[in-house]
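Residue-level structure breakdown
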Amino acid sequence: MSLFHSIWIALTGLAIGSFLNVVIYRGPIIWGLVEPLEGQKTNFNLAFPRSHCPHCKTQIKAHHLIPLMGYLLIKGHCAHCHKKISPLYPMIELAALLASLLALWVWGFSGAAFGAFILFCFLLCLAAIDARTGYLPDALTLPLLWLGLGANYLWSFVPLADAVIGAVCGYGALALLAFFYRRFRGHDGLGGGDAKLLGALGAWAGWMALPPILMIAAILALVWIGFLALRGKQISATTALPFGPSLALAGALVFTAQKAIPDFMF
Ligand SMILES: [Zn+2]
């Protein structure tokens, strides 16, 4: 892979990252999961209105919309009202850039790399949306499940039968766990979205990937809880913590390791 190709892929990843930001911030409003802010109620979609400062509503200048560069140019503050703009925007753009290069390096310049990049983009959106709103929208988890089966039909990341079993077992395992948790503890411990996300990961990575994904996700979630506790946040047995970001990261790690590390599985 030439440097020239890598640079073009990275720039494409960066551009797609800024589109993912739009999905992350507007998707939950469009899907009716969170209330729109005042003045956003009418005619709101992925393309309209043009990007504006969340504080003063001033439209953002075109050259400040350039991924990463724009954020550095305005030094993380609105050029008009000087209020802070969330660092999540450039972080998502950077993550999409790294995901495009990771897919390219692990799968080469191929359809499979494109497929893996689509998976990474969905996981990035789901992790960010769950962290912000506590929801893993069906509008993303269900297509991701079907895309996983389609991707394995086209590019055989894992045998198609393993993918189908993975989708069923992934969804079933967490749905069952959520059922018993609700039965014995009297309140929801896991969202239904977590089960659909694990089903989607099973559809991409096969049933064999489910145990390592769950194990790594649990470790990541515990590390995150420890980090929050260290920063003085009150944590109790009933504190609702989004499991989606841990599940998404664990899924991306295991899916990549299956290809990048020979003999990772068995
Ligand atoms: Zn502003």
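Residues numbered from 1 in each chain as written. Predicted model: local features only at pLDDT ≥ 70, side-chain atom pairs only at ≥ 80, totals over all residues. Heavy atoms only, no water.

Turning to the overall build of the protein, a few remarks are in order. Counting its regular elements, the protein contains nine helices and zero strands. Whereas a compact globule of 266 residues would reach a radius of gyration of roughly 18 Å, the protein reaches 19 Å, a difference of no more than 12%. C-alpha extents for the protein along the principal axes are approximately 55 × 55 × 40 Å. Split into buried and exposed, the 266 residues of the protein put 41% on the buried side. Taking the intrachain contacts of the protein between residues at least 6 apart in sequence as the baseline, contacts between residues at least 24 apart amount to 66%. Entry remark: accessible area of the protein is about 14600 Å², with carbon and sulfur atoms responsible for 70%. Across the protein, the 16 positively charged side chains and the 9 negatively charged ones have centroids separated by 12 Å. (Helix = DSSP H or I, 4+ residues; strand = E, 2+ residues; numbered from the N terminus. Rg over C-alpha atoms; globule rule 2.2 N^0.38 Å. Buried < 20%, exposed > 50% of the residue type's maximum accessible area, 1.4 Å probe, protein only. Contact = heavy atoms within 4.5 Å. Areas by Shrake-Rupley, 256 points an atom, 1.4 Å probe, with all protein chains shown as cover. Lys, Arg positive; Asp, Glu negative; His and termini not counted. Charge placed at Lys NZ, Arg CZ, Asp CG, Glu CD.)

Within the protein, the zinc ion binds to C53 (SG), C56 (SG), C78 (SG) and C81 (SG); these donor distances fall in the range 2.3 to 2.4 Å. Around the zinc ion sit four donor atoms; with metal-centred angles ranging over 105 to 115°, the donor geometry is tetrahedral. For the zinc ion, all donor residues lie on one chain, and their spacing in sequence is C-x2-C-x21-C-x2-C. Judged by its relative accessible area of 1%, C53 is buried. Judged by its relative accessible area of 26%, C56 is partly exposed. (Donors = N, O, S within 2.8 Å, 3.2 Å for Na, K, Ca; no water. Tetrahedral: all angles 85-135°; square planar, octahedral: opposite > 155°, others 65-115°.)

Before going further, it helps to spend a moment on the nonpolar core. Core analysis: the largest hydrophobic core is formed by 58 residues, its most contacted members being W107, L144, L247 and F255. Going through the elements one at a time, helix 1 (3-30), helix 3 (88-107), helix 4 (111-133), helix 5 (138-155), helix 6 (160-185), helix 7 (192-205), helix 8 (210-230) and helix 9 (244-260) are the ones with two or more residues in this core. The element best represented in this core is helix 4, accounting for 14 residues. Lining this core are residues from two domains, each supplying at least three of them: domain 1 (1-108) and domain 2 (110-266). When sequence neighbours within four positions are dropped, the list of residues in contact with W107 reads A112, A113, A116, F120, F157, F255, T256 and K259. Counting residues in hydrophobic clusters, the runner-up holds five residues, among them C53, Y71, C78 and I85. (Core = buried A, V, L, I, M, F, W, Y, C linked by side-chain atoms within 4.5 Å. Domains from an automatic or database assignment.)

With that settled, the discussion passes to the packing of helix 5 against helix 6. Interhelical geometry of helix 5 versus helix 6 gives an angle of 165° and a closest axis separation of 9 Å. The angle between the axes of helix 5 and helix 6 places the two elements in the roughly antiparallel class. You can see that helix 5 and helix 6 cross each other, and the crossing is right-handed. From helix 5, L145, L149, N152 and Y153 reach across to helix 6, where they touch L160, A163, V164 and A167. (Axes fitted to C-alpha atoms, helices over the stretch in contact; angles between N-to-C directions. Parallel < 35°, antiparallel > 145°, perpendicular 65-115°, else oblique. Left-handed = near helix turned anticlockwise from the far one by under 90°.)

Applying the stated criterion across every chain, the model contains twelve aromatic pairs. Each ring, one from F180 and one from F184, has its centre 6.2 Å from the other, and the planes form 15°; the classification is stacked. Taken as a pair, F180 and F184 lie in helix 6 at a separation of four residues, close to a single helical turn. For F184, a relative accessible area of 66% puts it in the exposed group. (Phe/Tyr/Trp six-rings, centres within 6.5 Å; stacked < 30°, edge-to-face > 60°.)

It is worth spelling out a nonpolar patch on the surface at this point. Nonpolar side chains collect at one region of the surface, where F114, Y153, L154, W155, L160, V164 and V168 lie side by side and expose about 730 Å² of accessible area between them. Counting only elements with at least two residues in the nonpolar patch, the list comes to helix 5 and helix 6. Structurally, the position occupied by W155 is in helix 5. (Patch = residues over 30% accessible without salt bridge, like charges linked within 9 Å, V, L, I, M, F, W, Y side chains within 5 Å. Salt bridge = Lys/Arg side-chain N within 4 Å of Asp/Glu carboxyl O.)

The subject of this paragraph is the confidence of the model for the protein. Close inspection of predicted coordinates is inappropriate in any region flagged by low pLDDT. Looking at the protein as a whole, the pLDDT averages 89, with 95% of positions reaching at least 70. For the protein, helix 2 (residues 69-73) is the element with the lowest average pLDDT, namely 87, and helix 5 is the one with the highest, namely 97. (pLDDT = per-residue confidence, 0-100.)

Orientation of helix 5 relative to helix 7, taken along the N-to-C sense of each, is 15°, at an axis distance of 7 Å. The orientation of helix 5 relative to helix 7 falls into the category roughly parallel. Crossing hand, helix 5 versus helix 7: left-handed. For the pair formed by helix 5 and helix 7, the contact residues are D138, T141, L142, L144, L145, L147, G148, L149, A151 and N152 on the first element and G193, K196, L197, G199, A200, A203 and W204 on the second. Its residues assigned to classes, the contact of helix 5 with helix 7 comprises ten nonpolar, five polar and two charged. (Nonpolar A, V, L, I, M, F, W, Y, C, P; charged D, E, K, R; others polar.)

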